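So you can see what is in the structure, the chains are spelled out below.
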Amino acid sequence: MYKELEKFTAKGNFTFTQEDNLETVCNASETGSGVFVVYAVANDTKELIMVGSTGTVQNDGTLKSKNGGLYDKIVNGQQFAKTGRKYSWPAQMKKEGIDTIEVLWFETFNDGVKSIPTSVEGQVLQNFLDETGKLPRWNVAF
């Protein structure tokens, strides 16, 4: 795990297979904002394939968040041909031969901590880029 994420205590994770219903298995916060990281899991190896975030900090220091929080961003956020992830992830997993993904989510902005979600997302992506020379393969544009 990336050190930028270790300080966040409001967090969780779940696994997802092509046969699962993302709306059912996703246990992410419906009210919290923050980041999520997605790993392709095969045997004993994990490959970071995506980093995402939700929530925008306003000029007055308050958070503007969309209804549904991290849960909605993970389940209904658009990816791969502008289709909600509940549909696009299973199709992309099948296309790439990925049986299981693991999603870790972190509330980065709440009463206890005030880290800008997009900033934390950028830090994780920057560290990945520094380590590998590229971005995660599901981060098609940043």
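Residues numbered from 1 in each chain as written. Predicted model: local features only at pLDDT ≥ 70, side-chain atom pairs only at ≥ 80, totals over all residues. Heavy atoms only, no water.

Visitor: Would you mind going over the sheet that holds strand S3 (residues 45-54) with me for this structure?
Guide: Backbone hydrogen bonds hold the strands of a sheet together, and the pairing may be parallel or antiparallel. Taken in spatial order, the 4 strands of this open sheet run S1-S8-S2-S3, and their pairing is antiparallel. Edge strands, defined here as strands with exactly one partner in the open sheet, are strand S1 (11-17) and S3. The average angle at which neighbouring strand axes cross in this sheet is 20°, direction not considered. Both strand S2 (residues 33-42) and S3 contribute to a ladder of 9 bridges, which runs antiparallel. Bridge assignment links Val 37 to a residue of S3, and that residue is Val 51. Across the sheet, helix H2 (residues 69-76) is in contact with S1, S2, S3 and strand S8 (100-109); its angle to S2 comes to roughly 45°. (Pairing = 2+ DSSP bridges. Helix = DSSP H or I, 4+ residues; strand = E, 2+ residues; numbered from the N terminus. Axes fitted to C-alpha atoms, helices over the stretch in contact; angles between N-to-C directions. Contact = heavy atoms within 4.5 Å.)

Visitor: What should I look at first to understand the side chain of Ser 88 in this one?
Guide: Here Ser 88 lies in helix H3 (residues 85-96). Reaching out from Ser 88, the side chain makes a polar contact with the backbone oxygen of Thr 83 at a distance of 3.5 Å. Leave out the neighbours within four places in its chain, and Ser 88 touches Gln 79, Phe 80 and Thr 83. (Polar contact = N/O pair within 3.5 Å; in protein donor to acceptor, adjacent residues only side chain to side chain.)

Visitor: What am I meant to see in the packing of aromatic side chains here?
Guide: What describes a pair of aromatic rings is the distance from one ring centre to the other and the angle between the planes of the rings. Considering all chains together, one arrives at 3 aromatic pairs under this definition. Ring centres of Phe 16 and Trp 89 lie 6.5 Å apart, and the angle between their planes is 55°; on these two criteria the pair is classed as tilted. In this pair, Phe 16 is assigned in strand S1 and Trp 89 in helix H3, connecting sequence segments 73 residues apart. With respect to class, Phe 16 is no different from Trp 89; both count as buried. Ring geometry for Trp 89 and Trp 138: centres 6.0 Å apart, planes at 40°, overall tilted. Of this pair, Trp 89 sits in helix H3 while Trp 138 sits in the segment after helix H4 (117-132), and the two are 49 residues apart along the sequence. Trp 138 sits in the buried class, given a relative accessible area of 2%. Through a chain of ring-to-ring contacts, three or more aromatic side chains come together here, namely Phe 16, Phe 80, Trp 89 and Trp 138. Lys 46 extends its terminal NZ or CZ atom over the ring of Tyr 39, reaching a point 5.7 Å from the ring centre. (Phe/Tyr/Trp six-rings, centres within 6.5 Å; stacked < 30°, edge-to-face > 60°. Buried < 20%, exposed > 50% of the residue type's maximum accessible area, 1.4 Å probe, protein only. Lys NZ or Arg CZ within 6 Å of the ring centre and 35° of its normal.)

Visitor: Just checking my understanding: could you explain the pairing of S3 for this structure?
Guide: Consecutive side chains of a regular strand alternate in pointing toward one face of the sheet and then the other. Of all 10 residues making up S3, 7 are buried, and the element is well covered by its neighbours. Between S2 and the antiparallel strand that follows it, S3, lie 2 residues; Asn 43 among them carries a positive phi value of about 55°.

Visitor: Would you mind going over the side chain of Glu 107 with me for this structure?
Guide: With respect to the element layout, Glu 107 can be found in strand S8. For the buried residue Glu 107, which engages in no salt bridge, the nearest side chain bearing the opposite charge is Lys 114, 9.8 Å off. Polar side-chain contacts of Glu 107 include one of 3.2 Å to the side chain of Ser 29. Not counting the four nearest positions on each side in its chain, Glu 107 is found in contact with Phe 8, Ala 10, Ser 29, Gly 32, Ser 33, Gly 34, Leu 70 and Val 113. (Lys, Arg positive; Asp, Glu negative; His and termini not counted. Salt bridge = Lys/Arg side-chain N within 4 Å of Asp/Glu carboxyl O.)

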